[in-house]
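Report on the structure
Next come the chains, spelled out residue by residue.
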Amino acid sequence: MQALGSDGRRRLVALALLTIAGAAAEFGTLVALLRLLRSWLTGAHDDVAAGSALLFAVVVLAAGVIRFGLLVATQRLAFETAHRLTVAVQRRVLARGWLAHAQARASAPLAALDQVDLLVYSVLLPLLQGASALVLGGAILAALIRIDVVTALAAALLLGGLFFLALWLCRGRTRRAGAAVNAGYEARIAAVQENVGAMRELILAGSRGVAAERFRKVDRGFSDARASISIINATPRILVETLGLIALIGLAWWVTDRSDGLAPALPTLAALALGAQRLLPLAQSLAQAVSGITANGAAIDRVTDLLNEADLTEHAPAPPLPFQQQIRLDSVGFHYPGRNEAALSDIDLTIARGERIALVGRNGSGKSSLADVIMGLIKPSWGRLFIDSHVLEASEDVRAWQRNVAHVPQAPFLADTTMAANIAFMDGHPDHARVVEAARLAGLHAMIDALPRGYETRVGSGGLMLSGGQRQRLALARALYAPAPLLVLDEATSALDPESEEHVLAALDALQERGVTILLIAHRASMLEHCDRIIRLQAGRIVEP
Ligand SMILES: Nc1ncnc2c1ncn2[C@@H]1O[C@H](COP(=O)(O)OP(=O)(O)OP(=O)(O)O)[C@@H](O)[C@H]1O
């Protein structure tokens with residue numbers, strides 16, 4: 001109900017009212033038809049017949065208008081709910097901590113969008129249509145019972161029973177196919193992401209065919225399962241239509257027999273036939289609602305789990321936590337969930353404001369993890385982190401501390417937009433002067449300026465139209481766009497040529513003179529030369545350099 005929002009709840013009420021009006025109109029249509037046919041057959045007076053015809057036309061028109069209203073209300077409600085759920089899911093994904101992101105599958109947030117679609121279009125929409133169908137169908141059945149109780153009840157029980165028997169028999173298959181479709185969404189997205197990510201290697205290894213085959217297998221199961229669900233959805237209708245036609249002949253026989261000939265029975269038969277014709281699509285909606293719920297249990301659970309996660313809380317930007325003297329780690333350790341060994345142990349480290357420190361050590365020794373702890377991205381499993389004399393514990397403090405931090409990652413993320421928009425990526429209102437200043441500091445201005453479209457040049461998906469070094473300098477410019485007292489560079493200069501590195505080193509000197517604290521993770525001796533201190537990590541512990 002909460003997912004519907006106030007607009008959605010209003011639409012739900014409108015839908016309920018329209019359904020009741022629609023039920024009355026369906027009932028009225030059949031009664032008016034019977035009355036019209038009887039007046040014709042009995043050769044009633046012209047104005048009686050004309051009155052009956054007029055009544056029939058009015059009721060049919062009213063039923064049509066109401067059906068259109070129902071269509072609009074249902075579709076609007078479903079699309080509105082899809083929008084609300086999709087945004088709610090994205091907010092939950094964004095609300096997760098860094099560690100949850102780092103450990104989740106990259107395809108999961110994308111697959112969640114498809115799962116919301118599945119939930120809305122295969123469960124909610126059929127459910128809304130099914131609920132209306134139940135009420136409208138009830139009214140039609142009531143009209144048919146009023147016309148001929150025995151015939152209507154016999155036909156309804158026989159055909160309705162068959163309909164739901166078919167659904168019940170298919171339920172196991174529906175559930176399996178639904179689970180396959182649900183898993184298929186994530187697997188297809190993961191396969192596409194992997195193929196695109198590995199494109200250069202695939203081309204060089206001549207393995208694009210292998211990648212295509214891998215994708216084909218993933219998609220095969222997905223498509224087969226989708227076909228199964230569509231077939232199962234349509235089967236009860238075909239069954240009932242086929243048997244219904246035979247039953248209709250039987251009924252015609254039975255009604256004619258009871259009415260002394262075909263002519264007197266015609267009005268009843270015509271009303272029954274029209275009722276059956278109106279009931280079939282309604283029954284189809286009900287079948288889709290039942291199989292939608294059966295097939296999409298996994299998607300329902302997945303989306304419900306996501307919605308039960310904490311929502312993104314909007315905070316007025318807190319003022320940055322005062323950072324005048326030092327960052328201090330006191331016996332800090334960190335243990336990634338699911339790992340046997342701690343990534344960091346017994347870390348005692350003080351970094352003075354304005355210091356330039358390098359973290360060195362072999363791959364996997366814990367450098368990035370230590371930087372993540374210092375940036376407040378991961379919380380120490382034990383030990384404490386102090387900023388000046390303030391211990392960093394409450395999440396408000398962490399957010400306030402993070403306002404002091406600029407970070408250039410090992411593999412920077414670049415958006416498929418312009419140079420300028422990438423540099424000012426974190427700013428809702430980019431300032432061009434600051435963009436140019438940041439590019440100058442990062443040694444990128446001359447290169448951007450020489451481009452025909454300058455700062456408006458697009459960088460391509462993930463920055464693919466730039467060289468590795470240009471990408472790194474663009475990421476550096478982004479970090480320098482908003483001056484922060486702590487700058488963390490995680491292997492951020494590994495792709496720079498000596499000249500560009502010189503330029504970056506000069507920029508770092510200038511920043512340090514302004515009191516910026518710099519934490520470098522680097523392997524190259526040239527980057528380490530200007531550092532005040534070198535901290536060596538080995539298996540998550542600080543050792544002598
Ligand atoms: N998200 C994660 N989940 C589980 N384990 C992780 C995660 N990130 C890192 N690790 C593990 O923690 C240990 C330290 O990794 P970390 O990335 O901090 O090392 P590093 O010194 O920065 O390595 P490199 O020089 O290769 O970048 C490694 O054993 C790594 O496998």
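Description of the structure in this document. As a convention, each chain's residues are numbered from 1 in the sequence order in which they are written. Given that the model is predicted, a residue must reach a pLDDT of at least 70 before its local features are reported, and side-chain atom pairs must reach 80 or more before they are shown or counted; all residues, however, enter totals for whole chains, interfaces and linings.

Within the structure, the ligand sits among 13 residues, and Tyr336, Asn363, Lys367, Ser368 and Ser369 are positioned closest to it. Under the DSSP-based scheme used, a helix requires at least four consecutive residues in state H or I and a strand at least two consecutive residues in state E, with every element numbered from the N terminus. At the level of elements, helix 3 (98–103) and helix 11 (367–374) are the ones that each hand at least two residues to the shell around the ligand. It is helix 11 that contributes the most residues to the shell around the ligand, 3 residues altogether. In the shell around the ligand, the residues fall into 3 nonpolar, 8 polar and 2 charged. Each residue receives a C-beta atom placed from its backbone. It is near a molecule or strand if this atom lies within 6 Å of it. Residues were grouped as follows: Ala, Val, Leu, Ile, Met, Phe, Trp, Tyr, Cys and Pro as nonpolar; Asp, Glu, Lys and Arg as charged; and all remaining residues, including Gly, as polar.

A few words now on the nonpolar core. Most often, soluble globular proteins have nonpolar side chains that are buried together. Joined through C-beta atoms within 7 Å, a set of buried Ala, Val, Leu, Ile, Met, Phe, Trp, Tyr and Cys residues constitutes a nonpolar core. Each residue is classed by its C-beta neighbour count within 10 Å, where at least 20 other C-beta atoms makes it buried, 12 or fewer makes it exposed, and intermediate counts make it partly exposed; the C-beta atoms are placed from backbone geometry. In terms of nonpolar packing, the biggest core is built from 69 residues, with Leu30, Leu119, Ile140 and Val303 touching the most fellow members. Put simply, the parts of the chain that give this core at least two residues each are helix 1 (5–41), helix 2 (46–95), helix 4 (107–147), helix 5 (149–169), helix 6 (171–197), helix 8 (208–258), helix 9 (262–295) and helix 10 (297–308). Looking at this core element by element, the count peaks at 17 residues for helix 4. Core analysis: the second largest hydrophobic core is formed by 66 residues, Ile351, Ala371, Ile423 and Ala438 among them.

Turning next to the packing of helix 6 against helix 8. Close contact between helix 6 and helix 8 brings their axes to 8 Å; oriented N to C, the two are set at 150°. Regarding the angle of helix 6 to helix 8, the classification is roughly antiparallel. In the packing of helix 6 onto helix 8, the handedness of the crossing is left-handed. Touching Arg173, Thr174, Ala177, Gly178, Ala180, Val181, Gly184, Ala187, Arg188, Ala191 and Asn195 of helix 6 are Ala211, Arg214, Phe215, Val218, Asp219, Gly221, Phe222, Ala225, Arg226, Ser228, Ile229 and Ile232, all from helix 8. Within the contact of helix 6 with helix 8, the residues separate by chemical class into 12 nonpolar, 6 polar and 5 charged. Helix axes are fitted only over the stretch in contact, all axes being lines through C-alpha atoms; the angle between N-to-C directions runs from 0 to 180 degrees. Geometric relationships in this document are graded by angle, where less than 35 degrees denotes roughly parallel, more than 145 denotes roughly antiparallel, 65 to 115 denotes roughly perpendicular, and other angles denote oblique. Crossings are classed by handedness, with left-handed meaning an anticlockwise turn of the near helix from the far one by less than a right angle and right-handed meaning a clockwise turn. Throughout, a pair of residues is in contact if the C-beta atoms placed from their backbones lie within 7 Å.

Strands qualify as paired when DSSP identifies two bridges or more between them. Looking at chain direction, strand 3 (residues 356–361) and strand 9 (residues 533–538) are connected through 5 bridges and run parallel. Bridge pairing in strand 9 links alanine 358 to isoleucine 534. Note that strand 9 and strand 10 (residues 541–543) share 3 bridges and pair antiparallel. Bridge pairing in strand 10 places glutamine 538 opposite arginine 541.

Moving on: the sheet that holds strand 10. Across the sheet, which stays open at both edges, the 6 strands sit in the order 6-7-8-3-9-10 with mixed pairing between neighbours. Taken across any chain shown, the strands that pair with only one partner, and hence form the sheet edges, are strand 6 (405–408) and strand 10. Averaged over all adjacent pairs, the angle separating strand axes in this sheet is 25°, with direction ignored. Pairing between strand 6 and strand 7 (residues 486–490): 4 bridges, direction parallel. Bridge pairing in strand 7 links alanine 406 to leucine 487. On top of the sheet, helix 16 (residues 468–481) reaches strand 6 and strand 7; it is set at about 175° to strand 6, its chief contact.

In short, the description is geometric, and any link to function would need to be established separately.
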